[in-house]
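# Chains, contacts and geometry: an overview
If you want the building blocks of each chain, they are given just below.
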Amino acid sequence: MNPVNYIYLAALLFTIGATGVLIRRNAIVVFMCIELMLNACNLTLVAFSRMHGNLDGQIIAFFTMVVAAAEVVVGLAIIVSLFRSRHSASVDDASLMKL
Amino acid sequence: MNAQLAAYSTSTGEAFQFWVLGTVAVIGALCTVFMKKAVHSALCLAGTMIVLAVFYLANGAYFLGVVQIVVYTGAIMMLFLFVVMLVGVTAADSLRETIKGQRWLALLCGLGFGILLVAGIGNASLNEFNGLTEANANGNVEGLATLLFSKYVFAFEITGALLITAAVGAMVLTHRERTERAKTQRELAEQRVREGKHLPPLPAPGVYARHNAVDIAGLLPDGTPSELTVSKTLRERGQIRDVSTEAISDLKALEQRAKDRLERTNSGEASQ
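Each value, and the rule that gives it
- Residues numbered from 1 in each chain as written.
- Chains lettered and ligands numbered in written order.
- Predicted model: local features only at pLDDT ≥ 70, side-chain atom pairs only at ≥ 80, totals over all residues.
- Heavy atoms only, no water.
- UniProt positions renumbered as here; feature names shortened; annotations may be inferred.
- Helix = DSSP H or I, 4+ residues; strand = E, 2+ residues; numbered from the N terminus.
- Rg over C-alpha atoms; globule rule 2.2 N^0.38 Å.
- Buried < 20%, exposed > 50% of the residue type's maximum accessible area, 1.4 Å probe, protein only.
- Contact = heavy atoms within 4.5 Å.
- Lys, Arg positive; Asp, Glu negative; His and termini not counted.
- Charge placed at Lys NZ, Arg CZ, Asp CG, Glu CD.
- Arc of directions from axis to C-beta.
- Core = buried A, V, L, I, M, F, W, Y, C linked by side-chain atoms within 4.5 Å.
- Domains from an automatic or database assignment.
- Buried area = accessible area lost by both parts, 1.4 Å probe.
- Salt bridge = Lys/Arg side-chain N within 4 Å of Asp/Glu carboxyl O.
- Polar contact = N/O pair within 3.5 Å; in protein donor to acceptor, adjacent residues only side chain to side chain.
- Nonpolar A, V, L, I, M, F, W, Y, C, P; charged D, E, K, R; others polar.

In the nomenclature of an unreviewed UniProt entry, chain A corresponds to NADH-quinone oxidoreductase subunit K from the organism Streptomyces cyaneochromogenes. Quoted verbatim from the Sequence similarities (unreviewed entry) heading of the UniProt record, the comment on chain A is "Belongs to the complex I subunit 4L family."

What follows concerns the overall build of chain A. Helix and strand counts for chain A come out as three helices and zero strands. Over its C-alpha trace chain A gives a radius of gyration of 17 Å, far above what one expects of a compact globule, namely 13 Å for 99 residues. For chain A, the C-alpha atoms occupy an extent of roughly 55 × 25 × 15 Å along the three principal directions. Counting over 99 residues, chain A shows a buried share of 65%. The contacts in chain A between residues at least 6 apart in sequence include a share of 54% that link residues at least 24 apart. Taken as two groups, the 6 positive and 5 negative side-chain charges of chain A have centres that lie 8 Å from each other.

Attention shifts here to the UniProt feature "transmembrane region" (unreviewed entry) in chain A. All names here are of chain A. In the numbering used here, UniProt assigns the feature "transmembrane region" (unreviewed entry) to residues 6-23, 28-48 and 60-83. Between the C-alpha atoms that bound residues 6-23 there is a distance of 26 Å. The span itself is 100% helix and 0% strand. A distance of 34 Å separates the end C-alpha atoms of residues 60-83, which is 100% helix and 0% strand.

This paragraph deals with helix α6 (residues 140-148) of chain B. Given 3.6 residues to a turn, an α-helix orients residues that are three or four positions apart in the same direction. Listed as buried for α6 of chain B are Asn140, Gly143, Leu144, Leu147 and Leu148 of chain B. Here the buried residues of α6 of chain B occupy an arc of 130 degrees about the axis, which is enough to place them on one side. In this structure, the buried side of α6 of chain B is in contact with α3 (56-86) of chain A together with α4 (62-87) and α7 (153-174) of chain B.

As for its position among the elements, threonine 32 of chain B is in helix α2 (residues 12-34). A residue is classified by how much of its surface remains accessible, and threonine 32 of chain B, at 0% relative accessible area, is buried. In this structure, threonine 32 of chain B is in contact with Arg24, Val29 and Met32 of chain A together with Ser41, Cys44 and Leu45 of chain B, ignoring residues within four places of it in sequence.

For the rest of this paragraph, the subject is the nonpolar core. If you look at the biggest cluster of nonpolar residues, it comprises 69 residues, and the most contacted ones within it are Ile28, Met32 and Leu43 of chain A together with Phe55, Leu64, Met77 and Phe80 of chain B. Those elements giving two or more residues to this core turn out to be α1 (4-23), α2 (27-52) and α3 of chain A together with α2, α3 (38-58), α4 and α6 of chain B. Both domain 1 (1-93) and domain 2 (141-176) of chain B contribute no fewer than three residues apiece to this core. Discounting residues that sit within four places of it in the chain, leucine 64 of chain B has contacts with Val46, Gln58, Ala61, Phe62 and Met65 of chain A together with Tyr56 of chain B.

In this section: the interface of chain B and chain A. Counting residues at the interface gives 88 residues for chain B and 70 residues for chain A. Ranking the residues of chain B by area buried against chain A places Val33, Asn59 and Phe80 of chain B at the top, with a combined share of 9%. Connecting chain B to chain A are two salt bridges. A salt bridge links glutamate 14 of chain B to arginine 50 of chain A, with the shortest nitrogen-to-oxygen separation between them at 3.0 Å. Between the two partners, chain B and chain A, sit 14 residue pairs in polar contact (both at pLDDT 80 or more). Looking at the side of chain B that touches chain A, the elements that each hand over two or more residues are α2, α3, α4, α5 (102-123), α6 and α7 of chain B. Sort the elements by how many residues they give to the side of chain B that touches chain A and α4 of chain B lands first, with 13 residues. Considering only residue class, the side of chain B that touches chain A consists of 56 nonpolar, 22 polar and ten charged.

Shown next, in the form of structure tokens:
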């Protein structure tokens, strides 16, 4: 098997995630789709790290994971505070800057 | 198969693993997008992430594979599930479209984007394949640590600042400052008397002898459900079950059955 297949798989996962962000209206599910896209990028980085034979790609994937963790913490806090003020997690309901 | 091609491709076992687990990953990703309930989406995403962890291990990224399981499926997905439980499990997505034809346009955009990505990868000249045996010679974790604390040490330090900022940000966003002292039980009781409404405790939910679940509003003497009996959280989520019409429908069914029987006996007498 050609290791480029890993990159094709990552592209497929990224596409599915991007489509999900466009389709879904529940803020939590949109957020999960973003996580899926980040994971697809990580798979690409790891596969490239193996192809080029050095560990720099893995280091960048590691940093992506750290940034993703920080992003999840802040994003979920935003969703929780949105839910508190609007009693809904739908992104359509969050159409005003202020209640 | 010449030697260069042999060096360029992976083992048969890995190919088998790729095709089986890759299918699972794609199905999990599709389920994440198309499942109606957020809980199911979260579980499907967790499955996809575990499969990706196996792929990291297969690609020689042993440290990242373990971190993926511990941090992503262990911590981040559990955080997601926690928030899903907080926001309401049964709150399904509304299927009403706010922008006309948005869904089909989004699917079309996704398809085009996917074709673009795949075509781009197909045209790229990715014919380098070195493998990680040399880089992982002293162990994967040691190799990563050497790079992390020499070449990427500045980025690593900045990551620390980012994590602290994120933690403070999450606290600022979710923490509500209490500006006055919490009221004692005595003060609350006095306030209730002063306001003159709901002196006794709130009425209990449920219709006894029929249903006494907490999500069923108690009925007033005239048969209308009283929202006051259901907990505030359920009320805000709109998860109140209404049984006020059940008695009437039961009665209707009873009357219908009685009528049927009467008709049967009447027709039986007529035929004799």
